[in-house]
Amino acid sequence: MDQQEYLLRRSEIVSQGVEENPSAILVVGPGGRILLASDGAGVLFGMARAEMVGRQLEAFMVSAPGRNDLWKPDSCESGVVHNLEIRNSQGELIPVEAQCFSFSTRSISLGGEDQEDQEDQSHWMVMMTDTRLREHEDELRAARLAKLSLLNQVSDALHGADLTLDQILQAVLICMTAGQGLRFNRAFLLLIDHKQEILQGEIAIGPSNADEASRIWMDLAEQPGDLLQMMTCYDRSIKQTDVAVNEIVRHMTVPLSDENNLLVQVMHERGTKRLTAEMTWPGAETLRFWLGCSEFAVAPLVTRQGPLGVIVADNAISRTPITDLDLEFLLIFANQSAAAIENSRLYHELEQRLQDLGKAHQKQKEDQESLMRMERLSVMGETSAIVAHELRNPLVAIGGFARTLMRSLNTEDPNREYARIITEEVSRMEGIIHDLLDFIRPRKQTRKMLVLDELVAGTMGRFQGELDQKGLSLNYCLQAGSVEVSCNPGEIQQVLQNFLVNAMQMLLPGGGIEVRTSQLEGGVKVEVLDNGPGFAEDVADKLFSPFFSTKATGSGLGLTISAQIIKAHGGVPGARNRDSGGANFFFILPLPKREDGE
Ligand code: ADP
């Protein structure tokens, strides 16, 4: 390549470098004529770059005192930045920063014979920047910084504090909508319900109309910068107003099987989606119907363990478009929130497991203790049986001799009274030993089907003479009818007798006893009621315990044996004081299960 060819090629490269540059660059020749314009200059001046070539640069400049001559050869200060205004092809005024560099044509001279002619001619390269764009960029940077700082606070607040799931969900929504937050008007949170296999709307935040919105936003204009303070502030202002949005969120349900649905798709694809009014998508129309708004953004709540749900946000009140920056932060924020939600769930699951473990440990301890107690009782039972047997024979002998002695002494002899006391005490001891042996005795499992009312009437009837003697009345109210129960009749009679004898012992002449039977679902109830003094409420849970007695001569085993019998029949014993005064001792026996399944 000869030198001329080389220079030509170089000139072409330089021209192309200028023309295809996205920055606004102009090469201006002598007299201010535009010789070259870049693509960026075309955009700034609002015309094709070729159209600009040949025009006077001054024609685009807005005249300002002291600036008109800027483009004149002698007055251009090379490298100095000037703030100017240009008028583009649509007549719009644009503030620009302009920087000029002058150079001599000699440096791009093609050489040869005409070199002399071009030597002195000065040219300028002018570079311009639309300062509005820079302001916009500054604003974006500031917004980005503010949001980043908020995200930092959110992350601290959500991950550090021991918040419940509900509190976390609420905090997430507050950050979505608060002035210092992501600044959406409304936010809706949907979580996966694994049991029902649906995405279910959980909680929402936001005003329901413009009036409400302006009130809240004015309220919150002076919000404190700190997130936690902001949460309380926001909470107060918005608590009564988010009823409408929470009504909406309750209707939001999407089956997970509907994989094409916008919400399900966003959740699985793990990216945000912004739907503008003209965009269609499966499920979008239903969502628009729920929201009452055509433009909205959706972000997934996903952790490493899998998807949790989605956040839907809109600007239904202010109608402000959702920007790319909004989406960018929505995604970061959703990721933070998902992690916090997962953490809180895991934390509370762990807490629950610890509690369960604690309960299991406690139960094991109790079981162990009761096993030890039962072992002790069983040893005691065996010992008592031996002692009772051993005592019974000498007691019979003592009782017999005492009675003989009493009979042989005449009535004036003071020793006769002592002999009587011995006889009485011995028969009391015999009673205790009888009850004790009865209590310890293993029970036979022989059962018969019997009509309960007949069994009750027959047992009670035997005591009529004794009742009459004591001046006590006995009434029957037997309503179990022909219902049959499977029982050991001797044992049930013993229970009835215990209840009846106790009642008789509590009554003075004139007192009354009533025996009732009734049918319950799956069982029958037998009650022995008296109108005596009843029992003290604080001993209610001891009545059926062994050896509890308030009587001077009681063994405290009658009710214990009764409870043992009833429980062995699969029934439930009980006692309560009557409202009208007196006691009600009862038991419930289960009805036999029918084999035919009716
Ligand atoms: P004992 O009759 O030997 O005392 P029980 O086990 O039969 O033993 O009764 C335990 C206690 O229950 C009685 O001492 C008494 O305090 C209370 N009790 C039983 N029946 C009645 C009743 N009908 N009214 C009030 N208290 C009763």
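Data block above holds the structure.
Residues numbered from 1 in each chain as written. Predicted model: local features only at pLDDT ≥ 70, side-chain atom pairs only at ≥ 80, totals over all residues. Heavy atoms only, no water.

### Concerning unusual backbone geometry
Our working rule: Each helix corresponds to a stretch of at least 4 residues labelled H or I by DSSP, and each strand to a stretch of at least 2 residues labelled E; elements are numbered beginning at the N terminus. The cut-offs for exposure are 20% and 50% of the maximum accessible area for each residue type, with area from a 1.4 Å probe on protein chains only; residues under the lower value are buried, those over the upper are exposed, and the others partly exposed.
Although it is not a glycine, E197 sits at a positive phi angle of roughly 55°. For E197, the position within the fold is in the loop between strand 6 (186–193) and strand 7 (198–205). Classification of E197 by relative accessible area gives exposed; the value is 53%. In this structure, R319 is a non-glycine residue whose phi angle is positive, near 60°. Given the relative accessible area of 56%, R319 is considered exposed.

### Remarks on the layout of surface pockets
The condition is simple: Both site types are read off a 1 Å grid over the protein atoms alone. A 1.4 Å probe that fits but cannot get out defines a cavity, while an open set with protein on both sides within 12 Å along at least five of seven lines defines a pocket; lining residues have an atom within 4 Å of a point. Grid points are joined across faces, edges and corners, and a volume is the space filled by probe spheres set on the points. Each residue gets one label: Ala, Val, Leu, Ile, Met, Phe, Trp, Tyr, Cys and Pro are nonpolar, Asp, Glu, Lys and Arg are charged, and the others, such as Gly, are polar.
Each pocket or cavity is described by its volume, and for the largest pocket that value is around 930 Å³. Lining the largest pocket are 38 residues; nearest its centre among them are N498, N502, Q505, K551 and G558. Contributing elements (two or more residues each) for the lining of the largest pocket: helix 13 (414–440), helix 16 (489–506), strand 16 (523–530), helix 17 (558–568) and strand 18 (583–590). Considering each element in turn, the lining of the largest pocket owes the most residues, nine residues, to helix 16. Along the lines of polarity and charge, the residues of the lining of the largest pocket split into 16 nonpolar, 17 polar and five charged.

### A short note on helix 11 (residues 284–291)
The periodicity of an α-helix, 3.6 residues per turn, causes residues three or four positions apart to be oriented the same way. Which entries qualify depends on this criterion: Taking the helix axis as origin, the arc is that swept by the directions to the C-beta atoms.
Along helix 11, the residues classified as buried are A284, L287, R288, W290 and L291. Relative to the axis of helix 11, the buried residues are bounded by an arc of 160° and lie together on one face. Residues of helix 11 that are exposed and point over 90 degrees away from its buried face: E285 and F289. Downstream of helix 11 by a residue or two, G292 has a phi angle that is positive, lying close to 70°.

### A look at the site of the ligand
Filter applied, for reference: Nearness here has a simple test: a residue counts as near a molecule or strand if at least one of its heavy atoms is within 4 Å of that partner. We define a polar contact as two N or O atoms separated by no more than 3.5 Å, with the added condition that, inside protein, one atom must be a possible hydrogen donor and the other a possible acceptor, whereas residues neighbouring each other in sequence contribute only through side-chain atom pairs. Throughout, the Shrake-Rupley method with a 1.4 Å probe supplies accessible areas, and for residues the shown protein chains are the sole cover considered. For a cavity or pocket, the test is whether more than half of a molecule's atoms lie within 2 Å of its grid points; if they do, the molecule sits there.
Lining the immediate environment of the ligand, one finds 19 residues, of which D530, S549, T550, K551 and L559 sit closest. In this structure, K551 approaches the ligand through a side-chain N or O atom, which is 2.7 Å from an oxygen atom. Between the ligand and L559, the relevant distance is 2.8 Å, taken from an oxygen atom to a main-chain nitrogen or oxygen of the residue. Its free accessible area being 530 Å², the ligand has 94% of it covered by the protein chains. Judged by its atoms lying within 2 Å of the grid points, the ligand is housed in the largest pocket. Only helix 16, helix 17 and strand 18 provide two or more residues apiece to the shell around the ligand. Looking at which element gives the most residues to the shell around the ligand, the answer is helix 16, with three residues. Of the residues that constitute the shell around the ligand, the class distribution is nine nonpolar, eight polar and two charged.

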